[in-house]
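Spelled out from the first residue to the last, the chains are:
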Amino acid sequence: MITQVINVNEILEQALLFDFYGELLTDHQKEIYGQFIQEDLSLGEIAREKGISRQGVHDLVKRCSQTLNAYETKLHLVERFMSIRNKVRQIDELLEEYSGGDESEVIGRIRRISGEIIEEL
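Residues numbered from 1 in each chain as written. Predicted model: local features only at pLDDT ≥ 70, side-chain atom pairs only at ≥ 80, totals over all residues. Heavy atoms only, no water.

**Concerning the nonpolar core**
- Counting 16 residues, the largest nonpolar core has Ile-32, Tyr-33, Val-57, Val-61 and Leu-68 as its most contacted members.
- Put simply, the parts of the chain that give this core at least two residues each are helix 1 (2-21), helix 2 (27-37), helix 3 (43-50) and helix 4 (54-75).
- Ignoring any residue separated from it by four or fewer positions in sequence, one finds Val-61 in contact with Ile-32, Tyr-33, Phe-36 and Leu-43.
- In terms of nonpolar packing, the next biggest core, distinct from the first, is built from seven residues, Val-106, Ile-110, Ile-113 and Ile-117 among them. (Core = buried A, V, L, I, M, F, W, Y, C linked by side-chain atoms within 4.5 Å. Buried < 20%, exposed > 50% of the residue type's maximum accessible area, 1.4 Å probe, protein only. Helix = DSSP H or I, 4+ residues; strand = E, 2+ residues; numbered from the N terminus. Contact = heavy atoms within 4.5 Å.)

**Overview of the pattern of salt bridges**
- In total, this model carries seven salt bridges according to the counting rule given.
- In this structure, the salt-bridge partner of Lys-87 is Glu-116, at a minimum N-O distance of 3.9 Å. One end of the pair, Lys-87, is in helix 5 (residues 77-97); the other, Glu-116, is in helix 6 (residues 103-120), with 29 residues separating them in the sequence.
- The closest approach of N and O atoms between Arg-109 and Glu-105, which form a salt bridge, is 3.6 Å. One end of the pair, Arg-109, and the other, Glu-105, are both in helix 6, four residues apart, so they sit about a helical turn from each other. (Salt bridge = Lys/Arg side-chain N within 4 Å of Asp/Glu carboxyl O.)

**Quick notes on the packing of aromatic side chains**
- Applying the stated rule across the entire model yields four aromatic pairs.
- Seen in terms of ring centroids, Phe-20 and Tyr-21 are 6.4 Å apart; in terms of plane orientation they differ by 50°. Their pairing is tilted.
- What makes Phe-20 partly exposed here is its relative accessible area of 32%.
- Among the residues examined, Tyr-21 registers a relative accessible area of 1% and is labelled buried.
- Ring geometry for Tyr-21 versus Tyr-71: centroids 5.8 Å apart, planes at 35°, classification tilted. Taken together, the residues span a long stretch of sequence, with Tyr-21 in helix 1 and Tyr-71 in helix 4 at a distance of 50 residues.
- Site record: aromatic cluster; members linked through ring pairs are Phe-20, Tyr-21, Tyr-71 and Phe-81. (Phe/Tyr/Trp six-rings, centres within 6.5 Å; stacked < 30°, edge-to-face > 60°.)

**Examining a nonpolar patch on the surface**
- There is a patch of nonpolar side chains on the surface, built from Phe-20, Leu-75, Leu-77, Phe-81 and Met-82 and spanning about 380 Å² of accessible area.
- Examining the composition of the nonpolar patch, we find that three residues originate from one element, helix 5, more than from any other.
- Here Phe-81 shows up in helix 5.
- Using a relative accessible area of 35% as the deciding quantity, one classes Phe-81 as partly exposed. (Patch = residues over 30% accessible without salt bridge, like charges linked within 9 Å, V, L, I, M, F, W, Y side chains within 5 Å. Areas by Shrake-Rupley, 256 points an atom, 1.4 Å probe, with all protein chains shown as cover.)

Such coordinate-based values are descriptive only and should not be taken to indicate function.
Spelled out as structure tokens, the structure:
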């Protein structure tokens, strides 16, 4: 069960990296990696469809994964996106919790979070 959770997290992470950096791959890489990550096709299915070996598909998927991770290591776009998304959620939660109490405290906390978002941009 734990292995499945780790695998799902890795797939979600790779899908997010593909969304952000996929256009930097070649058309051939995008097509095969997209089938593997987004369409959830197996290596064998992709190999049959493309008329290449399963090992060839495996190697291409592995290289694409390494390439996308290298882009993220250098650019940190996904990391920033996730951080900003988390901060916007915090703002939403503050507004949801606000019940007409101390307005200045809520405004101050929202300003602090929005300042953090601006710093990240």
